[in-house]
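Structural overview for review
Listed below are the residues making up each chain.
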Amino acid sequence: MRQQEHPKSSLQQSVMQHLHLLLTTAFGGFPCDEDFGCGIWDHDFDNVTSAHKLKELIRQSLLKSIQEKEKRLGNIRVELMIMQEELADGPNGIRVKKRINISIGGVLQSTNEQLVFKDSFFVGPLSY
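Residues numbered from 1 in each chain as written. Predicted model: local features only at pLDDT ≥ 70, side-chain atom pairs only at ≥ 80, totals over all residues. Heavy atoms only, no water.

**Regarding the overall build of the protein chain**
- Looking only at helices and strands, the protein chain has two helices and three strands in total.
- Along the protein chain, helices (α) and strands (β) appear in the sequence α-α-β-β-β when read from the amino end.
- Within the protein chain, contacts between residues separated by at least 24 positions form 49% of all contacts whose residues are at least 6 apart in sequence. (Helix = DSSP H or I, 4+ residues; strand = E, 2+ residues; numbered from the N terminus. Contact = heavy atoms within 4.5 Å.)

**Some details on helix H1 (residues 11-23)**
- Between its first and last C-alpha atoms H1 spans 18 Å; for 13 residues at 1.5 Å apiece the expected length is 18 Å, and the two agree.
- Taken as a whole, H1 has its buried residues at Val15, Leu19, Leu22 and Leu23. When H1 is viewed along its axis, its buried side chains cluster within an angular range of 95° and face the same direction. (Expected span 1.5 Å × (residues − 1). Buried < 20%, exposed > 50% of the residue type's maximum accessible area, 1.4 Å probe, protein only. Arc of directions from axis to C-beta.)

**Description of the side chain of Ser61**
- Within the secondary structure, Ser61 sits in helix H2 (residues 51-69).
- The buried category is assigned to Ser61, whose relative accessible area is 16%.
- Sequence-distant contacts of Ser61, defined by excluding residues within four places in its chain, comprise Phe27, Cys38 and Gly39.

Below, the structure written as structure tokens:
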């Protein structure tokens, strides 16, 4: 470890890193703030709920979490798409997993610039 200053992040990079952290954290996964995170991981192995209802539950959870935890972003829009994907599983054949593609848009409050953040995750079992 060197006694050097870390490189600085732009406002856009900082917001996008915070959004990624919010998306990858389950509720209760951050001991200092039990409400930090999102509901994606509450539905990780949910095979009972319809795809449309699951999509809306996750979208609403993401929107609420972003509105509460990322105050630098306004006019927030959350879009997501849930797809089934077949992945090669070595000599064992093929695994089917859900892939969630997420697009978050909004306006940076301090600069009035548009921001678009995209991420995707495989769920059930957890991997990204």
